[in-house]
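So the chains spell out like this:
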Amino acid sequence: RLGGYINTDQLKDVYGLDSTLANTVSRKMYVAPGFKPVQVNINRANAFTLSGHPYVTGSMAKALVAYRYQHGNFAHVNDIRKIQSLTEQELIKILPYLTVE
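What comes next concerns the included structure. (Residues numbered from 1 in each chain as written. Predicted model: local features only at pLDDT ≥ 70, side-chain atom pairs only at ≥ 80, totals over all residues. Heavy atoms only, no water.)

For the rest of this paragraph, the subject is the overall build of the protein chain. Scanning the protein chain for helices and strands turns up four helices and two strands. Taken over the C-alpha atoms alone, the protein chain extends approximately 45 × 25 × 20 Å along its principal axes. Looking at the 101 residues of the protein chain, the share that counts as buried comes to 33%. Within the protein chain, counting contacts between residues at least 6 apart in sequence, those at least 24 apart form 56% of the total. Counting every atom, the protein chain has about 6,700 Å² of accessible surface; 54% of that belongs to carbon and sulfur. Of the charged side chains in the protein chain, 11 are positive and 7 negative, and the gap between their average positions amounts to 4 Å. (Helix = DSSP H or I, 4+ residues; strand = E, 2+ residues; numbered from the N terminus. Buried < 20%, exposed > 50% of the residue type's maximum accessible area, 1.4 Å probe, protein only. Contact = heavy atoms within 4.5 Å. Areas by Shrake-Rupley, 256 points an atom, 1.4 Å probe, with all protein chains shown as cover. Lys, Arg positive; Asp, Glu negative; His and termini not counted. Charge placed at Lys NZ, Arg CZ, Asp CG, Glu CD.)

This is the structure:
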């Protein structure tokens, strides 16, 4: 559901995977240079589709759709930084998984 890992530290986010096992697995895996995860188009996706991504909560999805409705399509992915309800930590997690294609 994530669309691919962009960092081995993301294993810590896997539900039910304890930190010891996550550390062991992370030493045995890598992210290929140039890997690009599956991305969701924030100009086309509805709130249901957006909230299907593990890093996008329902309230985040609604905020993205509401902003797009009020201001038009996003020109760049980084335009979501204009949504004040999104924290910097949330932005860092979700930006690699979004596109405006």
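There is more to say after this.
Moving on, we get to the nonpolar core. One recurring pattern in soluble globular proteins: nonpolar side chains tend to sit buried together. Core analysis: the biggest nonpolar cluster contains 22 residues, and Leu 50, Phe 74, Ile 80, Ile 83, Ile 94 and Leu 98 have the highest contact counts within it. When residues of this core are traced back to their parent elements, those giving at least two are helix H3 (58-71) and helix H4 (88-94). Take this core: its biggest share by element is five residues, from H3. If we skip the residues at most four places from it in the chain, Ile 94 touches Tyr 55, Val 56, Met 60 and Ile 80. (Core = buried A, V, L, I, M, F, W, Y, C linked by side-chain atoms within 4.5 Å.)

Another aspect to go through is the pattern of salt bridges. Applying the stated criterion across every chain yields a total of four salt bridges. Of the charged contacts, one joins Asp 9 and Lys 12 as a salt bridge, the two residues approaching to 4.0 Å between their closest N and O atoms. Given a relative accessible area of 56%, Lys 12 falls into the exposed group. Arg 81 serves as the salt-bridge partner of Glu 88, at 2.9 Å between the closest nitrogen and oxygen. Residue classification places Glu 88 among the partly exposed residues on the basis of a relative accessible area of 44%. Judged by its relative accessible area of 38%, Arg 81 falls in the partly exposed class. (Salt bridge = Lys/Arg side-chain N within 4 Å of Asp/Glu carboxyl O.)

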